[in-house]
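So the chains spell out like this:
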Amino acid sequence: MRNHIIWDWNGTLFHDMEAVLGASNAAFATIGIAPLTLQEYREQYEIPIPRFYERLLGRQPTEAEWLLLDDAFHDRYHELSPACGLTEGALGLLSGWGAAGHSQSLLSMYEHERLLPVVERFGLTGHFLRVDGRSGPSGGQKAAHLTRHLAALGDGVAPARTVLIGDAADDALAALSVGAHAVLYTGGSHTREKLEPVGVPVVDSLAEAVELAARLAG
């Protein structure tokens with residue numbers, strides 16, 4: 001049984017926070033929410049995403065407002081994200097983990113049909129046993145997707161020897177729900193102050209995350 005990493009994509013391997021912020025502010029403008037700075041965004045962001053919008057609005061968005069927000073976000077994100085690149089050191093870490101005899105996969109809440117060509121564009125597909133993006137509506141949590149991802153990976157990947165590396169508290173909660181480990185990275189959607197209360201290791205670089213993953217899964 002090999003040690004296994006499940007990587008998150010947005011805000012973890014893919015350094016896209018500027019695109020996320022630009023898309024979020026475009027979405028906010030559709031219903032009159034003032035734009036946020038990157039720091040404000042990271043302090044306020046929450047999953048599931050409707051709770052994030054509720055925090056900013058002071059009430060739950062209506063169904064019509066949610067559709068406006070979601071459509072505006074994805075339209076602008078698709079325009080901005082091609083200018084984004086991988087997080088520093090990501091490619092070397094993926095190569096090194098595989099070369100050490102371990103396995104890895106990718107699980108994202110980004111739409112599956114849009115995720116696959118982006119991962120392929122960066123030449124990463126061959127590093128992963130499996131690449132899964134979101135199917136179904138956006139805005140939800142990762143736990144159910146992670147359960148399906150692990151089931152698809154099969155008996156060769158044991159949750160107890162698996163570490164999910166992500167940038168959101170929801171990543172850790174999903175991992176813990178299936179008996180896996182988690183390491184959270186501060187370079188994405190959440191500040192360190194929002195990640196630490198989850199109770200899993202929090203790191204400032206992906207290199208630290210992989211080093212910890214080797215120890216947690218071993």
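It should be noted that the structure appears before, not after, this text.
Read on for an overview of the structure.

Criteria and cut-off values
Residues numbered from 1 in each chain as written. Predicted model: local features only at pLDDT ≥ 70, side-chain atom pairs only at ≥ 80, totals over all residues. Heavy atoms only, no water. Helix = DSSP H or I, 4+ residues; strand = E, 2+ residues; numbered from the N terminus. Rg over C-alpha atoms; globule rule 2.2 N^0.38 Å. Buried < 20%, exposed > 50% of the residue type's maximum accessible area, 1.4 Å probe, protein only. Contact = heavy atoms within 4.5 Å. Areas by Shrake-Rupley, 256 points an atom, 1.4 Å probe, with all protein chains shown as cover. Salt bridge = Lys/Arg side-chain N within 4 Å of Asp/Glu carboxyl O. Pairing = 2+ DSSP bridges. Core = buried A, V, L, I, M, F, W, Y, C linked by side-chain atoms within 4.5 Å. Axes fitted to C-alpha atoms, helices over the stretch in contact; angles between N-to-C directions. 1 Å grid on protein atoms, 1.4 Å probe; cavity = no way out; pocket = protein on both sides within 12 Å on 5 of 7 lines; lining within 4 Å. Points joined across faces, edges and corners; volume = space filled by probe spheres on them. Nonpolar A, V, L, I, M, F, W, Y, C, P; charged D, E, K, R; others polar. Phe/Tyr/Trp six-rings, centres within 6.5 Å; stacked < 30°, edge-to-face > 60°. Lys NZ or Arg CZ within 6 Å of the ring centre and 35° of its normal.

### Overview of the overall build of the protein chain
Working step 1: Counting secondary structure elements, the protein chain contains 10 helices and eight strands.
Working step 2: Taken over the C-alpha trace, the protein chain has a radius of gyration of 17 Å; the compact-globule value for 218 residues is 17 Å, and the two agree within 12%.
Working step 3: For the protein chain, the spread of C-alpha atoms along the three principal axes comes to 50 × 35 × 30 Å.
Working step 4: Here the protein chain holds 218 residues, and 50% of them are scored as buried.
Working step 5: Put simply, 66% of the contacts in the protein chain that link residues at least 6 apart link residues at least 24 apart.
Working step 6: Summing over all exposed atoms, the protein chain offers an accessible surface of approximately 9600 Å²; the carbon and sulfur share of this is 53%.

### Focus: the pattern of salt bridges
Working step 1: Throughout the structure, instances matching the rule amount to 11 salt bridges.
Working step 2: One salt bridge in this structure joins Glu196 and Arg192, with 2.9 Å as the shortest N-O distance.

### Focus on the pairing of strand S5 (residues 131–134)
Working step 1: Taken together, the three bridges between strand S4 (residues 103–111) and S5 define a ladder with parallel strand orientation. When the sheet's bridge partners are listed, Leu107 is paired in S5 with Asp132.

### Description of the nonpolar core
Working step 1: If you look at the biggest cluster of nonpolar residues, it comprises 50 residues, and the most contacted ones within it are Trp7, Trp9, Leu13, Leu106, Phe128 and Ile165.
Working step 2: Sequence-distant contacts of Leu106, that is, excluding residues within four places in its chain, are made with Trp7, Asp8, Trp9, Leu13, Leu115, Val119, Phe128, Arg130, Val131, Asp132 and His149.
Working step 3: If you look at the next biggest cluster of nonpolar residues, it comprises 16 residues, including Leu107, Val157, Ala182 and Leu184.

### As for the sheet that holds strand S8 (residues 202–203)
Working step 1: Overall, parallel pairing links the six strands, which are arranged S5-S4-S1-S6-S7-S8 in an open sheet. The outermost strands of the open sheet, each flanked by one partner alone, are S5 and S8.
Working step 2: Against the sheet, helix H6 (residues 112–121) touches S4 and S5, its axis set at about 130° to S4.
Working step 3: Its contacts with the sheet place helix H7 (residues 143–153) against strand S1 (4–7), S4, S5 and strand S6 (162–166), and it is angled at close to 145° to S4.

### Some thoughts on the side chain of His74
Working step 1: Position of His74 among the secondary structure elements: in helix H4 (residues 63–80).
Working step 2: For His74, a relative accessible area of 17% puts it in the buried group.
Working step 3: Among all residues touching His74, those that are not within four sequence positions of it are Arg134 and Ser138.

### Some details on empty space enclosed by the protein
Working step 1: Here the structure, examined in full by the defined rule, presents one cavity of 30 Å³ or more.
Working step 2: Put simply, the largest cavity is a space of about 580 Å³.
Working step 3: Breaking the lining of the largest cavity down by element, the ones donating at least two residues are helix H1 (17–30), helix H3 (49–57), H4, S4 and helix H8 (169–177).
Working step 4: At four residues, the largest contribution of residues to the lining of the largest cavity is made by H4.
Working step 5: Its residues placed into classes, the lining of the largest cavity shows 13 nonpolar, nine polar and eight charged.

### Let's talk about the packing of aromatic side chains
Working step 1: Under the defined criterion, the tally for this structure stands at 12 aromatic pairs.
Working step 2: Judged by centre distance (6.2 Å) and plane angle (90°), the rings of Phe28 and Tyr53 are edge-to-face. Of this pair, Phe28 sits in helix H1 while Tyr53 sits in helix H3, and the two are 25 residues apart along the sequence. The same class applies to Phe28 as to Tyr53, namely buried.
Working step 3: The rings of Phe28, Tyr41, Tyr45, Phe52, Tyr53 and Trp66 are connected pair by pair, giving a single aromatic cluster.
Working step 4: The ring of Phe122 is capped by Arg121, whose NZ or CZ atom sits 4.7 Å from the centre of that ring.

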